[in-house]
Structure formats: structure tokens, C-alpha cells
Amino acid sequence: LALALLAGLAITALTTLGLDQIDEGLRDPGQVNRLLHMPLLGSVPDVEDNEALDLLRDAKSPLSEAYLSIRSNLAFSTDHGMPRALMVTSTRPAEGKSTTSLALATVLGRTGRNVLLLDADMRSPSMHQFTGLTNREGLSNFLAGNDEWKRLIQQTSIKGMSLLPAGPTPPSAAELLSSDRMQNLVRQLLEHFDHIIIDSPPILGLADAPLLSRAVEGCVFVAESEGVAVRGIRASLGRLHAVHAHVFGVVLTKLKQRQAGYGYGYGYGYGYGDEEPKAVA
């Protein structure tokens with residue numbers, strides 16, 4: 001009996017260790033609250049990278065519908081409704097944080113709000129490409145000492161949305177973000193815009209996102225479905241919590257259709273009413 005007990009304990013320990021080593025990413029939206037103990041703001045269907053911008057321009061597309069739902073959930077995250085200044089980040093690049101930043105700004109602009117999309121990913125800027133604008137000057141110029149921030153803002157073709165691009169890549173982005181100029185900038189911008197959406201660098205191995213979190217009300221954390229292992233996501237969230245950043249919740253991106261039919265089996269629910277009604281015999 002004693003040997004059997006010891007053998008059972010050893011097998012249990014080995015099994016636990018093995019499962020920990022093969023830790024997978026989030027597979028369905030139901031795992032967000034259960035494994036991360038964070039609210040789920042919404043899930044986004046998987047689309048091709050070259051299709052995302054076109055789908056966001058279509059207010060009736062599944063992608064736009066998904067982000068409209070996320071915007072609605074964010075409106076309940078504070079006592080004054082939709083946060084006025086928030087940042088979007090993720091564990092690593094290519095999880096959908098930039099698309100999420102652009103989508104939230106687009107959805108807010110459609111509701112008649114005056115929105116500024118701020119590209120704070122000075123190491124790998126992309127917002128000027130998404131909006132078809134230039135990146136000759138931007139945030140890095142202001143943080144380096146240029147106080148004329150109004151001259152750095154560009155108008156986009158998207159209703160209600162302006163862009164403050166990242167600007168030239170600085171020698172040390174973290175050093176620029178360490179000063180109080182970013183907080184002062186957000187404070188001034190809020191006097192002219194209803195909402196500020198900041199596209200932040202990813203957290204993995206960088207100090208930028210924790211530093212940026214000091215300037216906003218809170219963070220939207222983006223996690224790719226079946227992407228980063230759960231322990232990696234927990235580590236990233238831990239870094240944000242360590243600097244007392246408020247995380248509004250998690251957006252699960254690139255969700256495959258087969259993963260969407262969890263729960264009651266309704267799937268995404270997007271596209272409801274798209275088909276023409278069939279005649280009844």
C-alpha cells in the first residue's frame with residue numbers, strides 16, 4: 001500500500017509537470033475568465049491581414065460587429081462610460097493589438113465622437129500605413145522636446161478620427177517614455193478630443209507598455225487564440241499589475257469559426273439577418 005501510494009504521488013507529479021510544459025494558448029472565449037481571472041471584453045473572428053481594413057470600413061461586417069460589441073462592453077468598465085484614454089497592448093507582436101486600436105477608434109468615430117489614435121509603438125510604427133498618412137514627425141518628436149503637438153496631428157479619411165503618428169524611431173523609446181511628457185501630452189489632448197486610443201508596444205521583453213500605462217485610465221489586453229501560452233499571458237498581465245495598471249479586460253483575437261460555437265451554440269451571432277427571407281410554402 002505504501003509503495004502504491006508513493007507511485008501514485010510520483011505519477012501525479014510527473015503528469016502535472018508534463019501538462020505544465022505543454023501549456024497551450026487560449027482556445028475559446030470561456031477560458032479567459034477561468035484561466036486568467038479577467039473579464040472577456042469580446043472575441044474577434046479570424047480574417048486575412050489584407051482583408052481587415054476593408055472589413056472595418058464596412059459597418060455590417062463580422063469584424064466591425066465584433067468591435068462594436070467590445071466597445072459596448074468597455075462602456076460598462078468605468079462609472080463614466082467609455083474610458084476617455086486607454087491603451088491597447090499584447091504579449092508579443094502580431095496578436096492583433098494594432099488592428100484592435102484602429103478598430104476601436106473607427107467604431108467610436110462612427111458614433112459621432114472626436115477620437116485621436118495615438119501610435120506609441122515607436123519601435124515598429126504601423127498606424128500611418130493603415131491610414132495612408134506619413135510618419136515624418138510624431139510622438140517621438142514631442143517626447144524629445146517639441147511642444148507643438150497640434151502640428152503633429154493629421155486628419156484621416158475615417159469619420160471622427162485623427163492620428164498622431166509615432167514619428168522617427170528614437171535611440172531609446174523607453175527612455176523617452178520615462179519622463180512626464182507623455183502624461184502631460186495625454187492631459188492636454190483630452191481637452192481637445194473625446195477619446196484617445198493608444199497603440200502600445202507589446203509587453204514581452206520591453207518596458208514601454210508598463211511606462212505608458214501611467215498616462216491612461218486603463219488597458220485593453222489583446223490575446224491571440226491558440227497563440228501565446230497561458231503562462232506567458234499571465235506573466236504579461238503580472239507586469240501590468242506590478243505597476244498598478246488597470247486592465248479593463250481581454251480581447252480574444254483570430255478566433256476560428258469552429259471555436260466560436262461554444263456555450264449555447266449560437267456561434268458569433270454576426271451576420272444575423274444578412275440572408276434574404278425564404279418564401280414559406
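For the structure given in this document, a descriptive report is provided here. Given the structure is predicted, the values throughout are model-derived calculations rather than measurements. (Residues numbered from 1 in each chain as written. Predicted model: local features only at pLDDT ≥ 70, side-chain atom pairs only at ≥ 80, totals over all residues. Heavy atoms only, no water.)

**Quick notes on the overall build of the chain**
Here is the rule: Comment: elements are numbered from the N terminus, with helices defined as DSSP H or I runs of at least four residues and strands as E runs of at least two. Burial here depends on accessible area, computed with a 1.4 Å probe over protein chains only, as a share of the maximum for the residue type. Under 20% is buried, over 50% is exposed, and the range in between is partly exposed. In these tables, accessible area is a Shrake-Rupley quantity obtained with a 1.4 Å probe, and a residue counts as shielded only by the protein chains included in the view.
Along its length, the chain carries twelve helices and eight strands. Within the chain, buried positions represent 48% of all 281 residues. A total of about 14300 Å² of accessible surface is found on the chain, and carbon and sulfur atoms cover 54% of it.

**A word on the pairing of strand E3 (residues 115-119)**
For a regular strand, side-chain orientation follows a simple rule: the groups alternate between the two sheet faces. Rules: Two strands are counted as paired when DSSP detects at least two bridges linking them.
Of all the five residues making up E3, five are buried; the element is thus mostly covered by neighbouring parts of the structure. Note: E3 against strand E5 (residues 161-164), four bridges, orientation parallel. Considered in E5, the bridge of Leu 118 is made with Leu 164. The pairing of E3 with strand E6 (residues 195-199) spans five bridges and is parallel. Bridge pairing links Leu 118 to Ile 198 in E6.

**Section: the side chain of Glu 224**
Considering the arrangement of structural elements, one finds Glu 224 in strand E7 (residues 218-224). For Glu 224, a relative accessible area of 17% translates into the label buried.

**Considering the pairing of E6**
The buried count for E6 comes to five of five residues, which makes it a mostly enclosed element. Along E6, one buried face is formed by His 195, Ile 197 and Asp 199 and the opposite face, lined by Ile 196 and Ile 198, is buried too. In the sheet, strand E2 (residues 85-90) pairs with E6 via four bridges, with the strands oriented parallel. Bridge pairing in E6 places Leu 86 opposite Ile 197.

**Focus on the pattern of salt bridges**
Test applied: Should a side-chain nitrogen of Lys or Arg be within 4 Å of a carboxyl oxygen of Asp or Glu, the pair is scored as a salt bridge.
The full count for this structure, using the stated rule, is ten salt bridges. Note that Arg 57 and Asp 54 form a salt bridge whose closest N and O atoms lie 2.8 Å from each other. Of this pair, Arg 57 and Asp 54 both sit in helix H3 (residues 52-57), three residues apart, which is roughly one turn of the helix. Owing to a relative accessible area of 58%, Arg 57 belongs among the exposed residues under this scheme.

**A short note on helix H4 (residues 62-74)**
The following threshold applies: Between the first and last residue of a helix there are one fewer steps than residues, each counted as 1.5 Å, and that sum is the expected span. Read the arc as the range of directions from the helix axis to the C-beta atoms. Working rule for contacts: check all heavy atoms of both residues, and any pair within 4.5 Å makes them a contact.
Taking 1.5 Å as the rise per residue, H4 with 13 residues should run 18 Å; its terminal C-alpha atoms sit 19 Å apart, in good agreement. Three or more residues of H4 are buried, namely Leu 63, Ser 64, Ala 66, Tyr 67, Ile 70, Arg 71 and Leu 74. Buried residues along H4 cover an arc of 160° about the axis, so they all sit on one side. Looking at the packing, one finds that the buried side of H4 touches strand E1 (40-45), H3, E2, helix H5 (97-110), E7 and strand E8 (247-255).

**Examining the nonpolar core**
Going by this rule: Here the nonpolar core consists of buried residues drawn from Ala, Val, Leu, Ile, Met, Phe, Trp, Tyr and Cys, with membership extended through side-chain atoms lying within 4.5 Å.
One finds Leu 36, Leu 118, Met 182, Leu 189, Ile 198 and Phe 221 to be the most contacted residues of the largest nonpolar core, which totals 46 residues. Apart from residues lying up to four places away in sequence, Leu 189 is in contact with Leu 116, Leu 118, Trp 149, Ile 153 and Ile 196. In terms of nonpolar packing, the next biggest core, distinct from the first, is built from 27 residues, Tyr 67, Met 82, Ala 105 and Leu 117 among them.

**Thoughts on the environment of His 37**
For His 37, the location among the structural elements is in the loop between helix H2 (30-36) and E1. In the structure, His 37 is positioned 197 residues away from Arg 234 in sequence and 9.7 Å away in space, judged by C-alpha atoms.

**Structural notes on the packing of aromatic side chains**
What counts is decided by this rule: Pairing of aromatic side chains requires ring centres within 6.5 Å, counting the rings of Phe and Tyr and the six-membered ring of Trp. Pairs whose planes differ by under 30 degrees are stacked, by over 60 edge-to-face, and all others tilted. Criterion for a charge above a ring: Lys NZ or Arg CZ within 6 Å of the ring centre, and within 35 degrees of the ring normal.
Across all of its chains, the model carries zero aromatic pairs by this definition. When the ring centre of Phe 142 is taken as reference, the NZ or CZ atom of Arg 181 above it lies at 4.4 Å.

**Some points on the sheet that holds E8**
Short version of the rule: Every angle, taken between N-to-C directions, lies between 0 and 180 degrees, and every axis is a line fitted to C-alpha atoms, over only the stretch in contact when it is a helix.
Spatially, E1-E8-E7-E2-E6-E3-E5-E4 is the arrangement adopted by the eight strands of the open sheet, whose pairing is mixed. Edge strands, defined here as strands with exactly one partner in the open sheet, are E1 and strand E4 (154-155). Pairing between E2 and E7: five bridges, direction parallel. Bridge assignment links Leu 86 to a residue of E7, and that residue is Gly 218. Where H4 meets the sheet, its contacts fall on E1, E2, E7 and E8, and the angle it forms with E1 comes to roughly 175°. Along the sheet, helix H11 (residues 230-242) makes contact with E2, E7 and E8, crossing E7 at roughly 170°.

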